[in-house]
Amino acid sequence: MSEPMRQPEPAQPPAFGGRIRELRRKAGLTLQALADQAGISVGFLSQVERDKATPSLGTLAGLAAALGVDIDWFIATPRPSDSITRAGERPSFAIADTSLRYERINTTLPGGTLSSLIIEIPVGYASEVIAHTGEELIYVLQGTLRQTLGEAAFVLHPGDSLHFMGDTPHSFANVGDVPARLLWTGTSPRLIGRSPESS
């Protein structure tokens, strides 16, 4: 006797809560502040963040605008093939007049907060001291890098890595005699979302 045909399971509603909560916290916004900016009640926002309520498309658009991202950040579903970048096919770019060259190796995932770059640093280059929210991890691929972190300074060689919070004042310099290359990965909000080429 043939088995009865299975009925397809109902599609599960998308879960936005975790993505909204993470972006809100990274932006330094309270529940009340985000609710006010999006024009919704703080109680409803709390339910949305806990996946106890599903926002309308209009409400989601308001939340996306308040958080500084496109609505696709929450609703787009990337194809697996869109998550691949190929060696030799990624364009390099520079920002303004800097001599640094960048190669973006991460893709844009809805709700993702991770950025990753290969950075080429010319001989003699020294950066300014900066501090910002977010987390950073650097891994030296080539050359010799001096990384300052607060009052400490470290000389890093190929294969060395350093993991730190971006709110500690930090800077870096190429102190070797060849261009340095490093893999930078982090959650700096300045690099979240749009690619540098389209910003």
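Residues numbered from 1 in each chain as written. Predicted model: local features only at pLDDT ≥ 70, side-chain atom pairs only at ≥ 80, totals over all residues. Heavy atoms only, no water.

Our next topic: helix α1 (residues 17–26). Within α1, the full set of buried residues consists of G17, I20, L23 and R24. Mapping the buried residues of α1 onto a view down its axis gives an arc of 145°, with all of them on the same face. Phi for G28, located one or two positions after α1, is positive at around 70°. (Buried < 20%, exposed > 50% of the residue type's maximum accessible area, 1.4 Å probe, protein only. Helix = DSSP H or I, 4+ residues; strand = E, 2+ residues; numbered from the N terminus. Arc of directions from axis to C-beta.)

Time to look at the environment of T144. Relative to the elements of secondary structure, T144 occurs in the loop between β4 (135–142) and β5 (145–149). The class for T144 is buried, based on a relative accessible area of 18%. Through-space distance from the C-alpha of T144 to that of V175 is 5.8 Å; in sequence the pair is 31 residues apart. Excluding its chain neighbours within four sequence positions, the residues that come into contact with T144 are V155, L156, H157, A173, N174, V175, G176 and A180. (Contact = heavy atoms within 4.5 Å.)

Attention now goes to the packing of α1 against helix α4 (residues 57–67). α4 packs onto α1 with a crossing angle of 25° between their chain directions and a minimal axis gap of 10 Å. Comparing the axis directions of α1 and α4 gives the class roughly parallel. Judged by the sense of rotation from one axis to the other, the crossing of α1 with α4 is left-handed. On the side of α1, the interface is formed by I20, L23 and R24, while α4 contributes L60, L63 and L67. Along the lines of polarity and charge, the residues of the contact of α1 with α4 split into 5 nonpolar, no polar and 1 charged. (Axes fitted to C-alpha atoms, helices over the stretch in contact; angles between N-to-C directions. Parallel < 35°, antiparallel > 145°, perpendicular 65-115°, else oblique. Left-handed = near helix turned anticlockwise from the far one by under 90°. Nonpolar A, V, L, I, M, F, W, Y, C, P; charged D, E, K, R; others polar.)

Shape descriptors only; they carry no functional weight alone.
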